[in-house]
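# Analysis of the macromolecular model
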Amino acid sequence: MVAPLRVGIAGLGTVGVEVVRLIEQQGRVLTERTGRPVRVVAVTARSKAKKRGIDLSGITWAKDPLALAADPEVDCLVELMGGAGDPALSAIDTALKAGKSVVTANKALIAKHGLKLAKAAEKHGGALNFEAAVGAAIPVVKTLREGLAGTGINRVYGILNGTCNYILTRMEQEGLSFDECLKDAQRLGYAEADPSFDIHGHDTAQKLAILASLAFGTQVAQNAVYVEGISSIAPEDLRAAAELGYRVKLLGVAMRTAKGIEQRVHPTMVPKSSSIAQVMGVTNAVTIDGEGIPPITLVGPGAGGAATASAVVADIADVARGIRAAPFGRPVEKLQATEKAPMERHEGGYYIRLLARDHAGTAATIATRLAEQKISIESIVQRHPNGSEPAKAAGKAAPVPVILITYATHEDAVYKALQAVQRDKVISGKPQVIRIEKN
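Notes on the structure in this doc start here. All of these numbers come straight from a predicted model, not from anything done at the bench.

### Some remarks on the packing of aromatic side chains
For the structure shown, the criterion picks out two aromatic pairs. Centre to centre, the rings of Phe130 and Phe328 are 5.2 Å apart; their planes meet at 40 degrees, and the pair counts as tilted. With a gap of 198 residues between them, Phe130 in the loop between strand E6 (128–129) and helix H6 (140–147) and Phe328 in the loop between helix H12 (305–321) and strand E13 (347–356) connect regions that are remote in the sequence. Across from the ring centre of Phe130, 6.0 Å away, lies the NZ or CZ of Arg145, which sits over that ring.

In structure tokens form, the structure reads like this:
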């Protein structure tokens, strides 16, 4: 009889409870698939008395995460507490240094301390698995680390935050403002009471830093990611995007360029014909562009107890099978340092929305400033609301929305041209600029 894999779980929130339940329900299948039984033998959480709706009889209750990590009766520590520091960090470090394997869904911890923990796993022979940290049930970590091990990756990008995708979807479909959609997302539980980490792009940046490491062999470095959130997006941008054949998504993009690996998070216009544009609501998606193969898009639930628990249990199954892959696909010493790519060097198409003053020569001035920076225009749309004549404001014609789509150019050229246009006083307010990501 093969000895069971003895699992200890630190954290019994929604995900932890689902992991216990799933291992119990799928016990026979797990044994058949891995060749050995998987048993939850110990747990710990903040409150032992809390009602969780699962049977924990026969399971040891450890006094704290460190005790659980050091328990000689535990082979695999599952960390589901969250947080970029202690107690999660110390518990995982303790388990790895004891030669145990670790499974975690903690993206913040992996983004900040992943290299240190990967070194400990390599040195002491345990696994460090974190599929659930990015995209929950979407198997993107295994796809990059193992499934595409023989394929050069040129670009990986995706919708990695369900809160932002839900807000942008509602704004587009119902013409609501950002603030209205955010309040609704909070009411439905899709957004936190303090949503800043999601809506300002930092959650996506942590996940992107992990994916970039797996895809390009770089050291995980969240500070190497350019980050921009979605709070500046207005309904008129989404309407204009739809008319021009685009949809606005908050994307995390990591790509190989002639000057290194570019990592960025920002609102992005994507063609409606693309796979990523079809992903609506709280769903996540990741597209991988590999050499010699068509783009691969993985779509699925990026959060939630059942979805996250599914990925956690799949990682536990790999531990039971004896799989010990390098956490980031390569030995830590082979991972290359990376720096934050200046966005001024970014090359691509741009959507620009201006409020142009309705004066003779305004269009010519804007065109001249763009031409000075060698920016070519793919399309230009000037419209009055509902096709009417410009409204009068204090006896003067109100500014007219002008929407430009550029061909590929450099970001510094775009902003130099817009600064010149603002100095010319032919537009009102601040221009809206959204990058375009082609298929």
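That was the structure; now back to the text.
### Some points on the pairing of strand E5 (residues 101–104)
Remember that side chains alternate between the two faces of the sheet whenever the strand is regular. Here E5 shows a buried face lined by Ser101 and Val103 and a second buried face lined by Val102 and Thr104. As paired strands, strand E4 (residues 76–79) and E5 are joined by four bridges and run parallel to one another. Bridge pairing in E5 links Cys76 to Ser101. With respect to chirality, the unit in which E4 leads through helix H4 (residues 88–97) into the neighbouring parallel E5 is right-handed.

### Here's the deal with helix H7 (residues 162–174)
In a regular helix each residue adds 1.5 Å, so 13 residues correspond to 18 Å; H7 covers 18 Å between its end C-alpha atoms and thus fits that length. Judged by how many residues are buried, H7 sits mostly within the fold: 10 of 13 residues are covered. Capping the start of H7, Asn161 holds a side-chain oxygen 3.1 Å from the backbone nitrogen of Thr163, two or three residues further along. Positive backbone phi, approximately 65 degrees, marks Gly175, located one or two places after H7.

### Some details on the packing of helix H1 (residues 14–25) against H12
Running from N to C, H1 and H12 cross one another at 55 degrees; their axes reach a closest spacing of 8 Å. Taken together, H1 and H12 sit at an angle that is classed as oblique. The chirality of how H1 crosses H12 is right-handed. Taking contact as the criterion, the partners of Thr14, Val15, Glu18, Val19, Leu22 and Ile23 in H1 are, on H12, Gly305, Ala306, Thr308, Ala309, Ser310, Val312, Val313 and Ile316. Residue composition of the contact of H1 with H12, grouped by class: nine nonpolar, four polar and one charged.

Calculation notes
- Residues numbered from 1 in each chain as written.
- Predicted model: local features only at pLDDT ≥ 70, side-chain atom pairs only at ≥ 80, totals over all residues.
- Heavy atoms only, no water.
- Phe/Tyr/Trp six-rings, centres within 6.5 Å; stacked < 30°, edge-to-face > 60°.
- Helix = DSSP H or I, 4+ residues; strand = E, 2+ residues; numbered from the N terminus.
- Lys NZ or Arg CZ within 6 Å of the ring centre and 35° of its normal.
- Buried < 20%, exposed > 50% of the residue type's maximum accessible area, 1.4 Å probe, protein only.
- Pairing = 2+ DSSP bridges.
- Right-handed = clockwise from strand over helix to strand, strands pointing away.
- Expected span 1.5 Å × (residues − 1).
- Polar contact = N/O pair within 3.5 Å; in protein donor to acceptor, adjacent residues only side chain to side chain.
- Axes fitted to C-alpha atoms, helices over the stretch in contact; angles between N-to-C directions.
- Parallel < 35°, antiparallel > 145°, perpendicular 65-115°, else oblique.
- Left-handed = near helix turned anticlockwise from the far one by under 90°.
- Contact = heavy atoms within 4.5 Å.
- Nonpolar A, V, L, I, M, F, W, Y, C, P; charged D, E, K, R; others polar.

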